[in-house]
Amino acid sequence: MSALVAGDCPLPYEPLDDTRCIFLDPFVSYTWQGAVDLCKGHLGTLLSISDCNTFALVYDYIESQEVTRGKHYWLGATDEAEEGVWKFTDGSPVPLGVPFWAAAEPSTDARYNCAFMHASYYHYWYDTTCTSKYFPICLRNA
Ligand SMILES: [Ca+2]
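Residues numbered from 1 in each chain as written. Predicted model: local features only at pLDDT ≥ 70, side-chain atom pairs only at ≥ 80, totals over all residues. Heavy atoms only, no water.

- Where an unreviewed UniProt entry is consulted, the protein chain appears under the name C-type lectin 1, with the organism given as Penaeus vannamei.

1. Examining the coordination of the calcium ion
Here's step 1: Taken together, Asp-79 (OD), Asp-79 (OD), Glu-83 (OE), Glu-83 (OE), Tyr-112 (O) and Asn-113 (OD1) make up the protein donors of the calcium ion, found 2.4 to 2.6 Å from the metal.
Here's step 2: Seen from the calcium ion, its six donor atoms lie at angles of 50 to 143 degrees, and the figure they make is irregular.
Here's step 3: Here the donor residues of the calcium ion share one chain and are spaced in sequence as D-x3-E-x28-Y-N. Within this pair, whereas Asp-79 is found in the loop between strand 4 (73-78) and strand 5 (87-88), its partner Tyr-112 is found in the loop between strand 5 and strand 6 (114-117), the two being separated by 33 residues in sequence.
Here's step 4: The class for Asp-79 is buried, based on a relative accessible area of 0%.
Here's step 5: For Tyr-112, a relative accessible area of 26% corresponds to the partly exposed category. (Donors = N, O, S within 2.8 Å, 3.2 Å for Na, K, Ca; no water. Tetrahedral: all angles 85-135°; square planar, octahedral: opposite > 155°, others 65-115°. Helix = DSSP H or I, 4+ residues; strand = E, 2+ residues; numbered from the N terminus. Buried < 20%, exposed > 50% of the residue type's maximum accessible area, 1.4 Å probe, protein only.)

2. Regarding a nonpolar patch on the surface
Here's step 1: Taken together, the side chains of Phe-27, Val-28 and Val-67 present a nonpolar region at the surface, about 280 Å² in accessible area.
Here's step 2: Tracing the chain through its elements places Val-67 in the loop between helix 2 (52-63) and strand 4. (Patch = residues over 30% accessible without salt bridge, like charges linked within 9 Å, V, L, I, M, F, W, Y side chains within 5 Å. Areas by Shrake-Rupley, 256 points an atom, 1.4 Å probe, with all protein chains shown as cover. Salt bridge = Lys/Arg side-chain N within 4 Å of Asp/Glu carboxyl O.)

3. Remarks on the packing of aromatic side chains
Here's step 1: With the rule as written, the count across this model stands at 14 aromatic pairs.
Here's step 2: Ring centres of Trp-101 and Trp-125 lie 5.7 Å apart, and the angle between their planes is 70 degrees; this geometry places the pair in the edge-to-face category. Taken as a pair, Trp-101 in the loop between strand 5 and strand 6 and Trp-125 in strand 7 (residues 125-128) lie far apart in primary sequence, 24 residues in all. For the pair shown, Trp-101 and Trp-125 are each scored as buried.
Here's step 3: Counting every residue linked through ring pairs, the aromatic cluster contains Trp-74, Phe-116, Tyr-121, Tyr-122, Tyr-124, Tyr-126 and Tyr-134.
Here's step 4: Note that Lys-71 overlies the ring of Phe-135, its terminal NZ or CZ placed 5.1 Å from the centroid. (Phe/Tyr/Trp six-rings, centres within 6.5 Å; stacked < 30°, edge-to-face > 60°. Lys NZ or Arg CZ within 6 Å of the ring centre and 35° of its normal.)

Here you go:
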């Protein structure tokens, strides 16, 4: 299978790999639910990462442009339904530990139920309040 090229992904998405498209908005920040809804509106899902390869691709995408660097991005991961049980918005389990989460993350703080990629710590994952406002990354299939 050949890699997707520009035009294979519906705007505002761009190719991420052979099958997936990515849309990152580095200009408007949202609450976690706001970011979930934004991605749904674009027929995608808020960033879901379940393997190292996808983490690396998204990392490289963020670092590839000056305007997208140095910002916190939401993951579509929450433990709102059950404290300590992290799930993506499609109900699939969120991987724990290295190389995804920062050391000692996620916290055991019951106020912190949404996960984001930390701008100044190699985009490692942290949990925080879902009403924080960070930037959205949506994924969808081409
Ligand atoms: Ca929590």
